[in-house]
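# Breakdown of the fold
Okay, here's what each chain looks like letter by letter:
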Amino acid sequence: MALSDLIQALRLEYYDRDENSPLLEDEQLERALRRAIVSINKDLKRSYVVDNQGSMSPDLEDDDKEVLLLSALTVVCRMMQAKTARNFSFSSGDKKVDKTKQPAYWAELGRSYQAQYSQTVSERNPEYGGGVPDVIPQIYGQD
């Protein structure tokens with residue numbers, strides 16, 4: 001499957017329909033998909049790779065495609081959270097524009113996608129630990 005096809009599927013998932021002024025550029029969505037591929041390779045014990053022409057091999061299974069999109073959506077939400085972090089609020093007379101809450105909405109949506117991703121991966125891989133590695137405390141003494 002080509003990354004360009006996955007980019008279009010990802011745009012459909014987060015409802016980015018404006019072709020003239022997309023919320024995120026193709027390069028950003030490709031970055032999100034590449035990060036998602038790393039995640040599902042680790043979490044589902046797969047071995048997907050993307051070649052220099054932007055084709056994935058082996059062919060992406062349908063179930064893995066849905067997990068990949070969920071993972072990529074969490075990355076997209078973080079990107080949108082960062083993009084909207086500089087939004088503003090102003091008022092003039094009876095008009096008011098407040099875009100300062102957008103980062104919080106993107107963060108909440110990202111947490112929702114992450115929860116769906118974790119649940120789906122846990123069902124498919126019982127060894128999955130939720131993406132959080134075990135922490136082993138190190139105790140240092142003063143001599």
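Structure's up top.
The paragraphs below set out a description of the structure included in this document.

The rules behind the values
- Residues take numbers from 1 onward in each chain, read along the sequence in its written order.
- A pLDDT threshold of at least 70 governs which residues receive local features in this predicted model, and a stricter bar of 80 or more applies before side-chain atom pairs are shown or counted, although totals over entire chains, interfaces and linings include all residues.
- Excluded from the side-chain calculations are hydrogens and water; all other atoms, namely the structure's heavy atoms, are used.
- Here, a strand pair is defined by DSSP locating no fewer than two bridges between the strands.
- Secondary structure elements follow DSSP: runs of H or I of four or more residues count as helices, runs of E of two or more count as strands, with numbering from the N terminus.
- The rule is simple: take the accessible area with a 1.4 Å probe, protein chains only, and divide by the maximum for that residue type; under 20% is buried, over 50% is exposed, in between is partly exposed.
- By definition, residues are in contact when any of their heavy atoms lie within 4.5 Å.
- In the analysis that follows, any N or O atom pair within 3.5 Å is treated as a polar contact, provided that within protein one partner can donate a hydrogen and the other can accept it, and provided that, for residues neighboring in sequence, both atoms belong to side chains.
- By nonpolar core we mean a set of buried residues, namely Ala, Val, Leu, Ile, Met, Phe, Trp, Tyr and Cys, connected to one another through side-chain atoms within 4.5 Å.
- The angle between two axes is taken between their N-to-C directions and runs from 0 to 180 degrees, where each axis is a line fitted to C-alpha atoms and a helix contributes only its stretch in contact.
- Helix crossings get a hand from a simple test, with the near helix turned counterclockwise from the far one by less than a right angle marking a left-handed crossing and a clockwise turn marking a right-handed one.
- Amino acid classes used here: Ala, Val, Leu, Ile, Met, Phe, Trp, Tyr, Cys and Pro are nonpolar; Asp, Glu, Lys and Arg are charged; the rest, including Gly, are polar.
- Any Lys or Arg side-chain nitrogen located within 4 Å of an Asp or Glu carboxyl oxygen qualifies as a salt bridge.

Let us look at the pairing of strand 4 (residues 95-98). Summarising the sheet, strand 3 (residues 89-92) and strand 4 pair through 4 bridges and their orientation is antiparallel. Following the sheet pairing, S91 is matched in strand 4 by K96. If you look at the hairpin formed by strand 3 and strand 4, you'll find 2 residues sitting between the two strands, and G93 has a positive phi there, around 65°.

Let us look at helix 1 (residues 3-13). Buried within helix 1 are the following residues: L3, L6, I7, A9, L10 and R11. Those residues of helix 1 that are buried are in contact with helix 2 (26-43), strand 1 (49-50), strand 2 (56-57) and helix 3 (62-84). Looking one or two residues past helix 1, Y15 carries a phi angle of roughly 60°, positive in sign.

So, on to the side chain of R11. With respect to the helices, strands and loops of the structure, R11 is situated in helix 1. Classification of R11 as buried rests on a relative accessible area of 10%. A polar side-chain atom of R11 sits 2.9 Å from the main-chain carbonyl oxygen of L24. The contacts of R11, once residues within four sequence positions are left out, are D16, P22, L24, E25, D26 and L29.

As a further point, take the nonpolar core. L10, L33, L68 and V76 are the most contacted members of the largest nonpolar core, which has 33 residues in total. Sorting the residues of this core by element identifies helix 1, helix 2, helix 3 and helix 4 (102-124) as the ones contributing at least two each. A total of 11 residues in this core trace back to one element, the largest contributor, which is helix 3. Discounting residues that sit within four places of it in the chain, L68 has contacts with L6, L33, A36, I37, I40 and L60.

A few words on the side chain of T74. Residue position: T74 is located in helix 3. You can call T74 buried: its relative accessible area is 5%. Among residues more than four places away in sequence, those in contact with T74 are G110, Y113 and Q114.

What follows deals with the packing of helix 1 against helix 3. Relative orientation of the contacting elements helix 1 and helix 3 amounts to 65°, with a least axis distance of 10 Å. For the pair helix 1 and helix 3, the sense of crossing is right-handed. Along the contact surface, helix 1 presents L6, A9, L10 and E13, while helix 3 presents K65, L68, L69, A72, L73 and V76. Residue classes in the contact of helix 1 with helix 3 are distributed as 8 nonpolar, no polar and 2 charged.

Turning our attention to the pattern of salt bridges. Scanning the entire structure with this criterion turns up 7 salt bridges. For the salt bridge of D43 with K42, the shortest nitrogen-to-oxygen distance reads 3.3 Å. Among the residues examined, D43 registers a relative accessible area of 7% and is labelled buried. For K42, a relative accessible area of 56% puts it in the exposed group. The partner of D64 in a salt bridge is R46, with the nearest N and O atoms 2.8 Å apart. Here D64, found in helix 3, pairs with R46, found in the loop between helix 2 and strand 1; they are 18 residues apart in sequence, far enough to count as distant. Residue D64 is classed as buried on the basis of its relative accessible area, which comes to 0%. Its relative accessible area of 29% is what places R46 among the partly exposed residues.

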